[in-house]
Every structure is written in C-alpha cells, then in structure tokens.
Amino acid sequence: MNSKSSNDEDAVLDALEAEAIWMIREAASAFQKPVILYSIGKDSTVLLRLAVKAFAPAPVPFPVLHIDTTWKFKEMIKFRDDTARTNNLDLVVHTNPDGRGGKITPFTHGADEYTRLMKTVALRAALDAGEYDVALGGARRDEERSRAKERMFSLREPGHAWDPSSQRPEFWHTVNSTLKPGQTMRAFPISNWTELDVWKYIRREKLEVVPLYFSKERPTIERNGQLIMIDDDRYPLEPGEEIVNRRIRFRTLGCYPLTAADTGEAASVDEIIEELSLSTTSERSGRLIDGKGASSMERKKHEGYF
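Read on for a plain summary of the structure. All values derive from a computational prediction rather than experimental measurement. (Residues numbered from 1 in each chain as written. Predicted model: local features only at pLDDT ≥ 70, side-chain atom pairs only at ≥ 80, totals over all residues. Heavy atoms only, no water.)

Some remarks on helix H4 (residues 110-130)
Alright, step 1. For H4, spanning 21 residues, the distance from its first C-alpha to its last is 29 Å, which sits close to the expected 30 Å at 1.5 Å a residue.
Alright, step 2. Where H4 is concerned, the buried positions are Tyr 114, Thr 115, Leu 117, Met 118, Lys 119, Thr 120, Ala 122, Leu 123, Ala 126, Leu 127 and Gly 130. (Helix = DSSP H or I, 4+ residues; strand = E, 2+ residues; numbered from the N terminus. Expected span 1.5 Å × (residues − 1). Buried < 20%, exposed > 50% of the residue type's maximum accessible area, 1.4 Å probe, protein only.)

So this is what it looks like as structure tokens:
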C-alpha cells in the first residue's frame, strides 16, 4: 500500500471511528441503562474496541450481553471468555431456559423456529430482565436490505417490535432519545461501515479475532450445496454423509449448524482484505438463519431480533 492510499484509508477509518465513538458516548449520556450486544464476531470485536476507546482510561461503564444458544462454535465461546477477562468486561450471558439440555435445536425445530426461540425470544427476555433502555449492536447497513432501513438510533416499540415506518428522522448529530413507556432504543455505531472497513480497522488496530475467520483444514460435510463444519458430536449425519477435512474459513459466525463455510484461502487479515476487494458475494450468504426470501430478516426484526 503506497503512502497516499494509506493516508486516504486512515482518513476514512478516522471519520468512521469518530462517528461511532460519538454515538457510544451519546448513548451513555442520553439513556439510563445501556448495554452492548456481543455476538463475538468481527463486528462485535470492533464495537468493543470503540467502546473501550470511548471511555479510556476508565473501563466500559455498562454491561456486555451475549445471547448464548448453546450451539456456537467452541472457538467463539473461548474467544468470548478470553476477551471478557482481558478487557475486564461486565459480561452477561443469557440462554433461553427452555432450550437448555438440548430441548430446542436447529434439527428438532428447524432453523426459523430455533432462531426465534433461542435468539429473538432470548434477547427480548434478557433486555427486559436487565431493564436496558438502549442496546448497542454491531449491525451494519451494508449487510442486507432490511439492515439498510435502520436508523443509527432505531426506536423499538413495546415488546421490542421494529416498525421501519415509525423511525425518527436523523438530522446531523441531533438525537431524539425520548422514550415513551414500553419503548426502548437500539443503537448501531458502525452502521455506516462496510465489511471491508471493519477488516481494515482490525488491521490498523491490531485486533485479535476468532481464528475461524482464517483458512485452515477443518472437519466438514457437504449438505444442500453448503459446507458445514462439524464442531461436536451433536450434529446428526444423514445416510451417505462423510466428514471430510477441507480447507475453509468463515466470513460470518453464528451457530455452527446454521453457518456455511467459505472456501476462500485467506489465512491472514491482509489476505482477507485482498480477497474481499475482489468479492461480489454477500457475507450473509453463509447465514442459513436468514431464510429464504427478501423479507425473512425483516420479519425477524419486526419480532425483536437485533
């Protein structure tokens, strides 16, 4: 990278960082009980870094909430716990109690109902239990079309329902943070970032990420044209399926039975950035929970999904 392109890149990242830090501080000052939603992926890693910067040298002044479905990759859970210790985070982990002990799985209930119960219902319950009035998440507008409809400060009606037609206009940095009884707010400090911006920031800040993002030989099966990494012995194989070690990586991380692997060869942050510069596919093409049809994610968000 030549010095001019490096300076241009830094200027873009500086502007994005400043906007995000302003948002995080605004949420902290305008609301009574903020919480950060932590999904352990690259976007959450960047969001945490921004929150640490926003309040340094003091610690992040509000909790970090992870909705644990019990089906996350083992490497994700280890990374979550290591990150919480390293950054002295007030980590809150919530699981839908109805799903403990394998009672609700992607196989017994299907991807859609499993996601509703173990993610959406669990998130609503955790936010209600903590009485949080604003939840900061790492969603970006470029992920898919319903995300693009979000305001940076996104109003939620009672029950955490999202109605895109009732969102408040956002003029410059003027925030209408008034909440009526039952209403809450979601805030998305990295709304205006792209997937490529996220990785460039990770490179600049020298951030650690879950190793699953980097290409490596891993145990997989091929099902319905998708490569699924077999992370433990709970995944039921169908007749004729065989576990094969393949060189894979992930562009997005979630519950392992519902997250398809990518065959990209990128094994470092620099290689990921180079690969993404040439890519024409969405990172969420590997998220099987998004379902079929353009309205699938939007319907989930109407129900309270982050």
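More follows now that the structure is in view.
Thoughts on the packing of helix H2 (residues 42-55) against helix H5 (residues 195-205)
Alright, step 1. Relative to each other, H2 and H5 sit at 55 degrees, their axes nearing to 10 Å. Here H2 lies oblique to H5, going by the angle between them. For the element pair H2 and H5, the recorded crossing hand is left-handed. The segment H2 lies against H5, with Lys 42, Asp 43, Val 46, Arg 49, Leu 50 and Lys 53 engaging Glu 195, Val 198, Trp 199, Tyr 201, Ile 202 and Glu 205.
Alright, step 2. Counted by class, the contact of H2 with H5 contains 6 nonpolar, no polar and 6 charged residues. (Axes fitted to C-alpha atoms, helices over the stretch in contact; angles between N-to-C directions. Parallel < 35°, antiparallel > 145°, perpendicular 65-115°, else oblique. Left-handed = near helix turned anticlockwise from the far one by under 90°. Contact = heavy atoms within 4.5 Å. Nonpolar A, V, L, I, M, F, W, Y, C, P; charged D, E, K, R; others polar.)

Side note on helix H3 (residues 74-86)
An α-helical segment advances 3.6 residues per turn. Residues three or four places apart therefore align on the same side.
Alright, step 1. Over its 13 residues, H3 extends 18 Å from the first C-alpha to the last, a length consistent with the 18 Å expected when each residue adds 1.5 Å.
Alright, step 2. Buried within H3 are the following residues: Met 76, Phe 79, Arg 80, Thr 83 and Ala 84. End-on, the buried residues of H3 take up no more than an arc of 130 degrees, which puts them together on one face. Facing away from the buried surface of H3 by more than 90 degrees, the exposed residues are Lys 74, Lys 78, Arg 85 and Thr 86.
Alright, step 3. Of the residues flanking the end of H3, it is Asn 88, one or two places downstream, whose phi is positive at about 55 degrees. (Arc of directions from axis to C-beta.)

Quick word on the environment of Phe 31
Alright, step 1. By the secondary structure assignment, Phe 31 is in the loop between helix H1 (3-30) and strand S1 (34-37).
Alright, step 2. Take Phe 31: its relative accessible area is 5%, and that puts it in the buried class.
Alright, step 3. When the C-alpha positions of Phe 31 and Tyr 132 are compared, they lie 8.9 Å apart, and in sequence the two are 101 residues distant.
Alright, step 4. The residues contacting Phe 31, other than those within four sequence positions of it, are Asp 133, Val 134, Phe 153, Ser 177, Leu 179 and Met 185.

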